[in-house]
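So you can see what is in the structure, the chains are spelled out below.
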Amino acid sequence: DGEGGRDSQTRINVRKPATAASGKAVFWFKRDPSDYGEDLYTLAMSSSSRRYKEAIRYMENADALSICEKLKPATYHHKSEPTDKRDMGFIAEDVDEVEKTLVFYDKDGKPDDVDYLHVAVLCIGAIKELSAKINKLESRIKELERKGGN
């Protein structure tokens, strides 16, 4: 079954997730069995169009950098996959302490997963802030070199 037209997302419920490709961001959410009496997944495709958004505020790049500086990338082994291969990412509980909007929660309200798509958005703001700082420092160096005769 499916739901359509709600907000800017189209949702499709399935018994087993498959890979999907489109021009929209695609997310699979594992549904709580109590929702429908069985194990289902929901596919949500989200649009970035201004048509579906309101109260838009652009984040300050310095704020994005501040959040990124507090995130702690980690390497780890998955308990469910007994291999020597280390994975990398963030620990949901750590991210929850920094920025709650970057975390998905389980039915009990505990941090369960990290919203990596939104982490990437933050990284763009952080990169822009660092780029502006580098440009300012390069200009200052050139100014000092001119004054010093070098």
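Above this text is the structure in question.
Here is a short report on the structure shown in this document. Keep in mind that what you see is a predicted model, and the values were worked out from it rather than measured. (Residues numbered from 1 in each chain as written. Predicted model: local features only at pLDDT ≥ 70, side-chain atom pairs only at ≥ 80, totals over all residues. Heavy atoms only, no water.)

Within the chain one finds four helices and eight strands. Secondary structure elements of the chain occur, N-terminal to C-terminal, as β-β-β-α-β-α-β-β-α-β-β-α. Counting every position in the chain, which comprises 150 residues, the buried fraction comes to 22%. By sequence separation, contacts in the chain at least 24 residues apart represent 37% of the contacts at least 6 residues apart. When the accessible surface of the chain is totalled, it reaches about 11,700 Å², and 53% of it is carbon and sulfur. (Helix = DSSP H or I, 4+ residues; strand = E, 2+ residues; numbered from the N terminus. Buried < 20%, exposed > 50% of the residue type's maximum accessible area, 1.4 Å probe, protein only. Contact = heavy atoms within 4.5 Å. Areas by Shrake-Rupley, 256 points an atom, 1.4 Å probe, with all protein chains shown as cover.)

Ranked by size, the top nonpolar core spans 14 residues in total, and within it Leu71, Phe90, Val95, Leu102, Val114, Val119 and Leu122 carry the most contacts. Counting residues per element, the ones that place at least two in this core are α2 (61-70), α3 (92-98) and α4 (116-148). With four residues, α2 is the largest single contributor of residues to this core. (Core = buried A, V, L, I, M, F, W, Y, C linked by side-chain atoms within 4.5 Å.)

Before going further, it helps to spend a moment on the pattern of salt bridges. Throughout the structure, instances matching the rule amount to three salt bridges. Across the salt bridge formed by aspartate 96 and lysine 100, the nearest N and O atoms sit 3.3 Å from each other. Note on lysine 100: relative accessible area 53%, which makes it exposed. Its salt-bridge partner being arginine 140, residue glutamate 143 comes within 3.0 Å of it at the nearest N-O pair. With glutamate 143 and arginine 140 both in helix α4 and three residues apart, this pair spans about one turn of that helix. For arginine 140, a relative accessible area of 42% corresponds to the partly exposed category. Within this structure, Arg140, Glu143 and Lys147 form a network of salt bridges that share partners. (Salt bridge = Lys/Arg side-chain N within 4 Å of Asp/Glu carboxyl O.)

Let us look at the state of the cysteines. A covalent bond between the sulfur atoms of two cysteines is referred to as a disulfide. Tallying each qualifying case throughout the model produces zero disulfides. Between cysteine 68, a cysteine without a disulfide, and cysteine 123, which holds the nearest cysteine sulfur, the sulfur-to-sulfur distance is 4.2 Å. For cysteine 123, a relative accessible area of 31% corresponds to the partly exposed category. (Disulfide = S-S within 2.5 Å.)

On to the side chain of aspartate 115. Among the structural elements, aspartate 115 can be located in the loop between β8 (111-114) and α4. Classification of aspartate 115 as buried rests on a relative accessible area of 7%. For aspartate 115, the side chain forms a polar contact with the side chain of histidine 118, separated by 2.2 Å. Residues contacting aspartate 115, with those up to four places away along its chain left out, are Thr101, Leu102 and Phe104. (Polar contact = N/O pair within 3.5 Å; in protein donor to acceptor, adjacent residues only side chain to side chain.)

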